Amino acid sequence: MSNLFGFDGGDTWLHHLSGATKMLAFVGISIIAMASYDLRFTVAIMVMSLILFYQAKIKWSQVSLVVKIITAFSLLNLITVYLFSPEYGVQLYGTRHLLLGSGYLTVTSEQLFYELNLVSKYIVTVPLALIFLITTNPSEFAASLNKIHLSYKVSYSIALALRYIPDIQNVYHQISLSQQARGYELSKKAKFSQRLKGSAQILMPLIFSSLDRIDTVSQAMELRRFGRKKHRTWYMDHPFAWQDWLSLAGTAAIILVGAWLFKVNGGRFYNPFR
């Protein structure tokens, strides 16, 4: 269970923050980081997010698969951006410093700088998202969302979605072990094509198991008359503490710095080639 991707209780200061605080900080910092193309600003946030990731004491076994998948898609995106528009950076920054190539496929300093901006955005947002998902108790998060006046029905739906992440991984693992007991080799010893075929065979049982679980949960909620009242009490209510207000103040400061850099740079882009 320690290898499942989902909430993992810990005793760090990040675990003790309110779920709403972590959500607001994650959304606010991610938006300003994605909007800004000032590499100095995004690198500073990137360093901060990596430090926070280290302080959260998240195990590599919990996030290795997710990080590998995100890395693969990020590399694919960078390659696609270059192939479709190898001189997009030249158009953005208004100068052209050729490093390699000729004709359509050229390598310019401007294009490399633009793609470096994209890389920094990935490194900023991924650790923050992992911190939010792994250090946030779904039930406490739902109570926190309701506290900031979000409908408790929506809050509870989000909590169920977060709680379902490790559940579906656990079911996948159980089905995989069952398939291997029947003679299907799905370990790293098998060929990639064989493992891919075996994973496809797990998909249908996983879908039906998920639908059955959804039906069970919905019936249980209906029997308990969920949604009949306008308000509800929460078992895991987490009051805002001084750490929450300090974290929100730090988030607001980061957003203000990013907005100030928009004014200094005359827009979202920092141009070192001028």
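Provided above is the structure to which this section pertains.
Residues numbered from 1 in each chain as written. Predicted model: local features only at pLDDT ≥ 70, side-chain atom pairs only at ≥ 80, totals over all residues. Heavy atoms only, no water.

**Let's talk about the overall build of the protein**
Okay, so step 1: Along its length, the protein carries ten helices and two strands.
Okay, so step 2: Going from the N terminus to the C terminus, the protein shows its helices and strands as α-α-α-α-α-β-β-α-α-α-α-α.
Okay, so step 3: A principal-axis box enclosing the C-alpha atoms of the protein has dimensions of 65 × 55 × 35 Å.
Okay, so step 4: Within the protein, the proportion of its 274 residues that are buried is 35%.
Okay, so step 5: Within the protein, contacts between residues separated by at least 24 positions form 74% of all contacts whose residues are at least 6 apart in sequence.
Okay, so step 6: As displayed, the protein has an accessible area near 16700 Å², and 66% of this comes from carbon and sulfur atoms.
Okay, so step 7: Of the side-chain charges in the protein, 26 are positive and 14 negative, and the distance between the mean point of each set is 2 Å. (Helix = DSSP H or I, 4+ residues; strand = E, 2+ residues; numbered from the N terminus. Buried < 20%, exposed > 50% of the residue type's maximum accessible area, 1.4 Å probe, protein only. Contact = heavy atoms within 4.5 Å. Areas by Shrake-Rupley, 256 points an atom, 1.4 Å probe, with all protein chains shown as cover. Lys, Arg positive; Asp, Glu negative; His and termini not counted. Charge placed at Lys NZ, Arg CZ, Asp CG, Glu CD.)

**As for the environment of Ser-193**
Okay, so step 1: Positionally, Ser-193 belongs in helix α9 (residues 192–223).
Okay, so step 2: On the basis of relative accessible area, Ser-193 is assigned to the exposed category, the value being 51%.
Okay, so step 3: Along the chain, Ser-193 and Tyr-122 lie 71 residues apart, while their C-alpha atoms are 30 Å from each other.

**Regarding the side chain of Gln-111**
Okay, so step 1: The topology assignment puts Gln-111 in helix α6 (residues 109–135).
Okay, so step 2: At a separation of 3.5 Å, a polar atom in the side chain of Gln-111 contacts the main-chain carbonyl oxygen of Ser-85.
Okay, so step 3: Other than its neighbours up to four places away in sequence, Gln-111 contacts Val-81, Tyr-82, Ser-85, Pro-86, Glu-87, Tyr-88 and Gly-89. (Polar contact = N/O pair within 3.5 Å; in protein donor to acceptor, adjacent residues only side chain to side chain.)

**Quick word on helix α10 (residues 242–265)**
Okay, so step 1: Compared with the 34 Å implied by 1.5 Å per residue over 24 residues, the 35 Å span of α10 between its first and last C-alpha is a close match.
Okay, so step 2: One or two positions beyond α10, positive phi appears at Gly-266, with a value near 70°. (Expected span 1.5 Å × (residues − 1).)

**Things to note about the pattern of salt bridges**
Okay, so step 1: For the coordinates displayed, the defined rule picks out two salt bridges.
Okay, so step 2: One salt bridge connects Arg-40 with Asp-38, and the closest N-O pair in it is separated by 2.8 Å.
Okay, so step 3: On the accessibility criterion, Asp-38 (1% relative accessible area) is buried.
Okay, so step 4: Here Glu-87 ties to Arg-96 by a salt bridge, and the two come within 2.6 Å at their closest N and O atoms. (Salt bridge = Lys/Arg side-chain N within 4 Å of Asp/Glu carboxyl O.)

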